[in-house]
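# Coordinate analysis (summary)
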Amino acid sequence: MVDLETLPEEPSESAAPEVDIVHAIETRKLNLWYGTFQAIFDVDLEVKHNLITSMIGPSGCGKSTFLRCCNRINERLGYVRTTGAVEILGHDIYAPEVELIQVRKQVGMVFQRPNPLPLSIRDNILFGARLHDPEAAKASRAAQDDIVEKALTRVLLWDTVKDRLGHSARELSLEEQQKLCIARLLPVQPKVLLMDEPCSALDPKGTEAVEELIWELREAYTILIVTHNMAQARRASDECIFMLHGKVVEHTKTAEMFVTPIHKETADYIEGRYG
Amino acid sequence: MAQGIAKAPLPDQRNLAWYVDKTVQVLVFVGGISAILLILGIFVFITKEGMGFITQTLDIGEFFTSPNWRPTSENRPTYGALALIAGTASVTGLAMLVAVPFSLGAAIFIGEFATGKTREILKILVEMLAAIPSVVWGFIGLSIMNPLIIDLFNVPVGLNVLNSGLILGLMAAPIMTTLAEDALKAVPDGYREAAEAMGATRWQVIFRVVFPAAKNGLVAAVLLGVGRGFGETMAVLMASGHSINIPTSPFDSVRALTATIAAELGETAVGSDHYRALFTLGIFLFAITFLINLTADLVVRGPRKR
């Protein structure tokens, strides 16, 4: 088993000098096929640490697929083939000795449709903690309550739900459900958060609230967010990646991309000529 | 001069399609209602035959507490069903011990692990297993299990609770597998994906997420299996030994309620006390299976109402 968190401290065989990892996610020549259909072509990307990076592009351009490579959740489909490397915090997560569980502990994911588990609000928050930390599973009720309160407070949900922690999470509004889905990742202390159009199922008010929350979280986490909404990418991300037909066209600072795009395709997409 | 438009056909014209539609409506209605009428009819028939006996002759206390089922005794016939109830209960109980782990395991494998062709073939096989006639199962109990049990456990008779419980368990497992698999399949895939993305293993996903979500359907599957066990006649008749006995070990022969009716009804005079006593057993069985099925139904529907 490879623990991504502890490995860097151990002496590595290459004896290379330890450098601070600048890139939370780095891919080299990443290709992906669904059966015989190639969805991603030779993608080389470097996603910087502790920034919000957004991915934009028309439907089917491979942005969600790319995101789903970063925690290898793509593989549950069974007919997916991947070549190349994806390094998360300096470790190739596609290396044969890697344990998926450790990858997913480091990399949390928020889905398009809020998908709280069919458990109580409390159990949703404790779900990840119980999986990864045997002590949390056995901890006293007070200690668990503490985990729940911290996570819910962090996503600004504590005041709304503190009196009904035992209720089913499916009773919450969509906005609250999505916040809960973010909150349940936090007790495990992931380094990277992947978000697949996290606001697309929400109304404008919910979108605003969740966006604010994501902005709040950016100092502590590296956030890679896929969005259909260009306005959202523009106002809520530091860097922006534009993908088209499974390839990365452009990757610059968000402010630059939306003012002076380098490629014609980018400019066309941003101006709404297709997509 | 402007030309007038052609006059529209009469709106109340009836063509062939209209008549076909009406006929089909009537047929479908009759088909639908007849199922309900038939069940009601059966219920009324059984009650009519047995109820008079229950209220006049039968000693209810004796029925439930006495193990003596001697309807043909010349001096004083007794109608104690306790041994028969114990027989049915013990066989069904053992059958469930066999069937629940088997069918849940099979359902988990088919629903959660098998993919593509494996899954399709397994599903077809399970459905084929469910279609094996019960007399064939009884035959297996009689001719294969019987000598096997005698040899393995060194007991004089191989037709007993163990034999019929195993047979009944294997019989009930396919239908329970199908129902349990349906219940697992009804769990939205998003739950599994969410749990896997958080780092849960396949087993953790199944045990902590899918099971709680499918709980009602799984309970219903088990209950319907129990109902099936209670009502099964032929296989139990052939494999249980058919001797009136309150079992104290799995190697005791027993007699089931259903098997009693099947074996004795043909030899009684219509309208006699014995005949009506058998109908009392029928009412009792009907009530139990009805309750089990109703419970299963309520368990499945329960959470949806909220």
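Only a predicted model underlies this, so the values are computations on that prediction, with no experimental measurement involved.

Within chain B, the secondary structure is distributed over eleven helices and two strands. Reading the secondary structure of chain B in the N-to-C direction produces α-α-β-β-α-α-α-α-α-α-α-α-α. In terms of overall dimensions, chain B is more spread out than a globule: its C-alpha atoms have a radius of gyration of 26 Å, far above the 19 Å expected for 306 residues. With the C-alpha coordinates of chain B rotated into their principal frame, the extents come out at 105 × 60 × 40 Å. A sequence separation of at least 24 residues applies to 68% of the contacts in chain B between residues at least 6 apart. Surface accessibility of chain B: about 16800 Å² in total, with carbon and sulfur atoms responsible for 68%. On chain B, the mean spot of the 21 positive side-chain charges and the mean spot of the 21 negative ones are 9 Å from each other.

Looking now at the interface of chain A and chain B. Much of the literature gives interface size as the accessible area that the parts lose upon coming together. Each side of the interface is counted separately: chain A has 22 residues, and chain B has 17 residues. Carbon and sulfur atoms supply 62% of the area that chain A and chain B bury against each other, a total of about 1700 Å² over both sides. Among the residues of chain A in contact with chain B, Arg76, Phe127 and Leu131 of chain A are the three that bury the most area, contributing 34% of the side total. Our count for the contact surface shared by chain A and chain B stands at three salt bridges. A salt bridge links Glu196 of chain B to Arg76 of chain A, with the shortest nitrogen-to-oxygen separation between them at 3.5 Å. Counting across the interface, chain A meets chain B through six residue pairs in polar contact (both at pLDDT 80 or more). Listing elements by their share of the side of chain A that touches chain B, those giving two or more residues are helix H2 (100-106), strand E6 (107-110) and helix H3 (121-132) of chain A. Element by element, the count of residues in the side of chain A that touches chain B is highest for H3 of chain A, at five residues.

In this section: a negative patch on the surface. Residues Glu208, Glu212, Glu216 and Glu219 of chain A make up a contiguous surface patch of negative charge. On the secondary structure map, Glu219 of chain A appears in the loop between helix H8 (204-217) and strand E8 (222-226).

A word on the packing of aromatic side chains. In the structure shown here, the tally under the stated rule is 14 aromatic pairs over all chains. An angle of 35 degrees between the planes, with centres 5.2 Å apart, marks the rings of Phe43 of chain B and Phe286 of chain B as tilted. You can see Phe43 of chain B sitting in helix H1 (residues 16-56) and its partner Phe286 of chain B sitting in helix H11 (residues 273-305), a full 243 residues away along the chain. Accessibility expressed as a relative area gives 40% for Phe43 of chain B, which makes it partly exposed. Relative to Phe279 of chain B, the ring of Tyr275 of chain B lies with its centre 5.0 Å away and its plane at 55 degrees, an arrangement referred to as tilted. Placement of the pair is Tyr275 of chain B and Phe279 of chain B together in helix H11, with a separation of four residues, close to one helical turn. This pair shows no difference in class: Tyr275 of chain B is buried, exactly as Phe279 of chain B is. It is Lys247 of chain A that lies over the ring of Phe41 of chain A; its NZ or CZ is 4.9 Å from the centre.

Residues and elements named next belong to chain A. Relative to the helices and strands, Arg72 resides in the loop between helix H1 (63-69) and strand E4 (80-88). Given a relative accessible area of 12%, Arg72 falls into the buried group. A polar contact is formed between the side chain of Arg72 and the side chain of Glu75, at a distance of 2.7 Å. Filtering out sequence-adjacent residues up to four positions away, Arg72 remains in contact with Ile93, Tyr94, Ala95, Val98, Leu100 and Arg104.

Not every positive phi belongs to a glycine, and Arg72 of chain A is a case in point at roughly 60 degrees. One non-glycine residue, His245 of chain A, adopts positive backbone phi at about 50 degrees.

Further remarks concern the nonpolar core. Among the nonpolar cores identified, the biggest contains 54 residues, and Leu117, Phe127, Leu152 and Ile223 of chain A are the most heavily contacted of them. Looking at this core element by element, the count peaks at eight residues for helix H8 (residues 202-231) of chain B. Filtering out sequence-adjacent residues up to four positions away, Phe127 of chain A remains in contact with Leu117 and Leu119 of chain A together with Ala195, Met198, Ala200, Arg208 and Val209 of chain B. Among the nonpolar cores identified, the runner-up in size contains 45 residues, and Leu58, Tyr275, Phe284 and Ile292 of chain B belong to it.

Further remarks concern the packing of helix H6 (residues 161-185) of chain B against H8 of chain B. All names here are of chain B. Running from N to C, H6 and H8 point in directions that differ by 150 degrees, and their axes come no closer than 8 Å. For the element pair H6 / H8, the angle class is roughly antiparallel. By crossing handedness, the relation of H6 to H8 is classed as right-handed. Of the residues in H8, those in contact with Leu168, Met171, Ala172, Met176, Leu179, Ala180, Ala183 and Leu184 of H6 are Val210, Phe211, Ala214, Gly217, Leu218, Ala221, Val222, Leu224, Gly225, Arg228 and Gly229. Taken together, the residues of the contact of H6 with H8 break down into 15 nonpolar, three polar and one charged.

This paragraph deals with the confidence of the model for chain A. Across chain A, pLDDT averages 83, with 92% of residues at or above 70. Within the model, pLDDT remains below 50 along residues 1-17 of chain A, and this stretch shows 17 contacts once partners closer than five positions in the same chain are excluded.

The next thing to look at is helix H5 (residues 134-153) of chain B. Residue and element names in this part refer to chain B. Of all the bends found along H5, the most pronounced is centred on Met145 and spans about 40 degrees, while Pro147, a proline, follows it within four residues. Taken together, the buried positions of H5 are Trp137, Gly138, Gly141, Met145, Asn146 and Ile149. At its buried positions, H5 is contacted by helix H4 (116-130), H6 and helix H9 (234-239). Asn154 lies just past H5 and shows a positive phi near 55 degrees.

Attention shifts here to the pairing of strand E2 (residues 37-48) of chain A. Residues and elements named next belong to chain A. As paired strands, strand E1 (residues 23-34) and E2 are joined by eight bridges and run antiparallel to one another. Note on E2: the bridge partner recorded for Leu32 is Ile40. Linkage of E1 to E2, two consecutive antiparallel strands, is achieved through a turn of two residues, within which Gly35 is found at a positive phi near 65 degrees.

Before going further, it helps to spend a moment on a nonpolar patch on the surface. A contiguous nonpolar surface patch, about 670 Å² in accessible area, is contributed by Val26, Phe29, Val30, Ile33, Ile36, Leu37 and Leu40 of chain B. Relative to the helices and strands, Val26 of chain B resides in helix H1.

To continue, consider the sheet that holds strand E5 (residues 91-92) of chain A. Ordered in space as E2-E1-E4-E5 (chain A), the four strands form an open sheet in which the pairing is antiparallel. Edge strands, defined here as strands with exactly one partner in the open sheet, are E2 and E5 of chain A.

Adjacent strands of a sheet form backbone hydrogen bonds with each other and so pair up, either parallel or antiparallel. All names here are of chain A. In space, the six strands of this open sheet follow the order E6-E7-E8-E3-E9-E10, with mixed pairing throughout. The sheet terminates laterally at E6 and strand E10 (247-253), the two strands that pair on one side only. Each adjacent strand pair in this sheet contributes to an overall mean axis angle of 20 degrees, direction not counted. As paired elements, strand E7 (residues 192-196) and E8 share five bridges and run parallel to each other. Across the sheet, residue Leu193 finds its bridge partner in E8, namely Ile223. With respect to the sheet, H8 is in contact with strand E3 (52-56), E7 and E8, its orientation differing from that of E8 by roughly 150 degrees.

Conventions and cut-offs
- Residues numbered from 1 in each chain as written.
- Chains lettered and ligands numbered in written order.
- Predicted model: local features only at pLDDT ≥ 70, side-chain atom pairs only at ≥ 80, totals over all residues.
- Heavy atoms only, no water.
- Helix = DSSP H or I, 4+ residues; strand = E, 2+ residues; numbered from the N terminus.
- Rg over C-alpha atoms; globule rule 2.2 N^0.38 Å.
- Contact = heavy atoms within 4.5 Å.
- Areas by Shrake-Rupley, 256 points an atom, 1.4 Å probe, with all protein chains shown as cover.
- Lys, Arg positive; Asp, Glu negative; His and termini not counted.
- Charge placed at Lys NZ, Arg CZ, Asp CG, Glu CD.
- Buried area = accessible area lost by both parts, 1.4 Å probe.
- Salt bridge = Lys/Arg side-chain N within 4 Å of Asp/Glu carboxyl O.
- Polar contact = N/O pair within 3.5 Å; in protein donor to acceptor, adjacent residues only side chain to side chain.
- Patch = residues over 30% accessible without salt bridge, like charges linked within 9 Å, V, L, I, M, F, W, Y side chains within 5 Å.
- Phe/Tyr/Trp six-rings, centres within 6.5 Å; stacked < 30°, edge-to-face > 60°.
- Buried < 20%, exposed > 50% of the residue type's maximum accessible area, 1.4 Å probe, protein only.
- Lys NZ or Arg CZ within 6 Å of the ring centre and 35° of its normal.
- Core = buried A, V, L, I, M, F, W, Y, C linked by side-chain atoms within 4.5 Å.
- Axes fitted to C-alpha atoms, helices over the stretch in contact; angles between N-to-C directions.
- Parallel < 35°, antiparallel > 145°, perpendicular 65-115°, else oblique.
- Left-handed = near helix turned anticlockwise from the far one by under 90°.
- Nonpolar A, V, L, I, M, F, W, Y, C, P; charged D, E, K, R; others polar.
- pLDDT = per-residue confidence, 0-100.
- Bend = angle between axes of the 7 residues up to and from the residue.
- Pairing = 2+ DSSP bridges.

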